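Read off the chains here:
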Amino acid sequence: MATSGKVIRCRAAVAWAAGKSLSVEEIEVAPPKAREVRVKMVATGICHTDEHVLEGNFPDVDFPVILGHEGAGIVESIGEGVTSVKPGDKVILFPLPQCGECSFCLNPDSNYCLKSHLTEPQNLMPDKTTRFTCKGKQIQHFLWNSTFAEYTVVPEYTLAKIDAAAPLDKVCVFACGFSTGYGAAVNTAKVKLGSTCAVFGLGGVGLSVVMGCKAAGASRIIAIDINKDKFAKAKEMGATECINPQDFKKPIQQVLTEMTGHGVDYSFEAIGTADTLIAALASCNMNTGVCVMVGVLPAGSTVPIDPFLLLSGRTCKGTLAGGWKMRDSIPKLVASYLEKKFNSDLLITHTLPFAKINEGFELLRAGKSIRTVMLF
């Protein structure tokens, strides 16, 4: 390509400080170095994690930064040593790397990677420099994705080549929201045929959990949210019942236990508060019940749990990116999507041009959108 090896000037939404709107600016994007890939973005979803950063609730993120981690695009150029993609390939970028070399990547039962931000910050590229500048200032990366830019540079192990037939404006949500929720049900909980599930929180991730429970053959899927406007969407995706905790005088865990006899087989917390995590744990049955924590609690939170909830055999576990090894799994998920095994398109309620990115965040804050996809 004519741009290969050159600095590219393009637009990006820069977060200059916490609590402020994003600012669409002209930035310079440096060429990729060894084992790096420069991608021309086509579409990116807005995830609640991006909002957590803007609220100042995400650890180890410095400003100014280019956010975004639910992106799909086309490879523009590659650095030395890159073998898995070539210019022109369609790719999905994702926030959980798969380096293929660390002890976690080499463990078939693990989907973690030691390159993840939970082990070391991903504010700079692996060589500890940035590829972004704006108005003469260095701009930080976010989760090595920074998809809120027309061009971005990422390490090779944070993207995967996907089928050329895939619509990028639809499959970009596989980078985080859809795969996290769907995988929480099918991989982390391993929901069984005929089982009963409860899903707390019906945002993009919670609704993806509902889809995963349905795909796994759950017989009852109870969807829980205080925003009843989300109930129709939840039923469309497979929820059998929808309940609003505000409609009851008793705690929601008691309601769920009475509805099911002894509690649900699987519960999923997809909101990110201590109260809902405690309720989700208490609502699954006392012996074989599994509670999966999908939502991200604010940094520094603690959750007081009665140990007797666990003594009788309940399990409480977390999930990271839905338990998928991302580089291996994303192309397979896209193939399943193209075979119409699930309809993740239902998650996308709004599509906006990139210049209106702040409107996308307003829709998220107002609870009006499930997923807004920004198009470049």
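Residue numbering note: each chain is counted from 1, following its sequence as written. Note on the predicted model: pLDDT of at least 70 is required for a residue's local features to be given, and 80 or more for side-chain atom pairs to be given and counted; whole-chain, interface and lining totals, by contrast, use all residues. Side-chain metrics in this entry use all non-hydrogen atoms of the structure; hydrogen atoms and water are not considered.

## Some details on the pattern of salt bridges
Right, on to step 1. One speaks of a salt bridge when a side-chain nitrogen belonging to Lys or Arg is within 4 Å of a carboxyl oxygen belonging to Asp or Glu. This model, assessed by the stated rule, comprises 19 salt bridges.
Right, on to step 2. Note that Glu51 is salt-bridged to Arg365, the shortest N-O span being 3.0 Å. Taken together, the residues Glu51 in helix H1 (residues 48-54) and Arg365 in helix H10 (residues 357-365) connect sequence positions 314 residues apart.
Right, on to step 3. To sort residues, take the accessible area from a 1.4 Å probe on protein chains only and compare it with the maximum for the residue type: under 20% means buried, over 50% means exposed, and anything in between is partly exposed. Overall, the relative accessible area of 42% leaves Arg365 in the partly exposed class.
Right, on to step 4. With a closest N to O distance of 2.6 Å, Arg220 and Glu241 form a salt bridge. With Arg220 in strand S12 (residues 220-224) and Glu241 in strand S13 (residues 241-243), this pair connects stretches of sequence that are 21 residues apart.
Right, on to step 5. Overall, the relative accessible area of 26% leaves Arg220 in the partly exposed class. We count a stretch as a helix when DSSP gives it H or I for four or more residues in a row; a strand needs E for two or more, and each element gets its number in order from the N terminus.

## Here we look at the domain arrangement of the protein chain
Right, on to step 1. Note that domain bounds follow an automatic or database assignment of domains. For the protein chain, the assigned domains are domain 1 (8-177 + 323-375) and domain 2 (189-318).
Right, on to step 2. Distance between the C-alpha centres of domain 1 and domain 2: 28 Å.
Right, on to step 3. Contacts between the two partners involve twelve residues from domain 1, matched on the other side by 14 residues from domain 2.
Right, on to step 4. As used here, buried area is the combined drop in accessible area, with a 1.4 Å probe, of two parts when they are placed together. Of the roughly 1,100 Å² buried where domain 1 meets domain 2, counting both sides, 68% is carbon and sulfur surface. In what follows, a contact means two residues having at least one pair of non-hydrogen atoms within 4.5 Å.

## Describing the packing of aromatic side chains
Right, on to step 1. Stacked, edge-to-face and tilted labels apply to pairs of Phe, Tyr and Trp rings (six-membered ring for Trp) whose centres lie within 6.5 Å, assigned for plane angles under 30 degrees, over 60, and everything in between, in that order. Summed over the entire model, instances satisfying the criterion amount to ten aromatic pairs.
Right, on to step 2. Residues Phe178 and Phe342 carry aromatic rings whose centres are separated by 4.7 Å and whose planes lie at 35 degrees to one another, so their mutual orientation is tilted. With Phe178 in helix H3 (residues 177-189) and Phe342 in the loop between helix H9 (326-338) and strand S17 (348-353), this residue pair connects regions lying 164 residues apart in the sequence. Accessibility assignment for this pair places Phe178 and Phe342 in one class, buried.
Right, on to step 3. Each ring, one from Tyr182 and one from Phe342, has its centre 5.1 Å from the other, and the planes form 55 degrees; the classification is tilted. Of this pair, Tyr182 sits in helix H3 while Phe342 sits in the loop between H9 and S17, placing them 160 residues apart in sequence.
Right, on to step 4. With a relative accessible area of 10%, Tyr182 lands in the buried category.

## Re the sheet that holds S13
Right, on to step 1. In this description, strands pair whenever DSSP reports at least two bridges between them. Spatial strand order, S13-S12-S11-S14-S15-S16: six strands in an open sheet with parallel pairing. Two strands close off the open sheet at either side, each with one partner strand: S13 and strand S16 (315-318). Put simply, the sheet's adjacent strands are angled 20 degrees from each other on average, direction ignored.
Right, on to step 2. The pairing of strand S11 (residues 196-200) with S12 spans five bridges and is parallel. Among the inter-strand pairings, Thr196 is bridged to a residue of S12, identified as Arg220.
Right, on to step 3. The strands touched by H3 are strand S14 (266-269), strand S15 (290-293) and S16; relative to S14, the strand with the most contacts, the crossing angle is about 135 degrees.
Right, on to step 4. Relative to S12, helix H6 (residues 252-260) is tilted by about 160 degrees, and along the sheet it contacts S11, S12 and S13. To get an axis, fit a line to the C-alpha atoms, keeping to the stretch in contact for a helix; angles then go from 0 to 180 degrees between the N-to-C directions.

## Here's the deal with unusual backbone geometry
Right, on to step 1. Each neighbour pair has its own omega, and for Phe63 with Pro64 the value is -10 degrees, a cis peptide bond.
Right, on to step 2. With respect to the helices and strands, Pro64 occurs in the loop between H1 and strand S4 (65-66).
Right, on to step 3. Phi is positive for Arg35, close to 60 degrees, though the residue is something other than glycine.
Right, on to step 4. Inspection of the secondary structure assignment puts Arg35 in the loop between strand S2 (23-29) and strand S3 (36-45).

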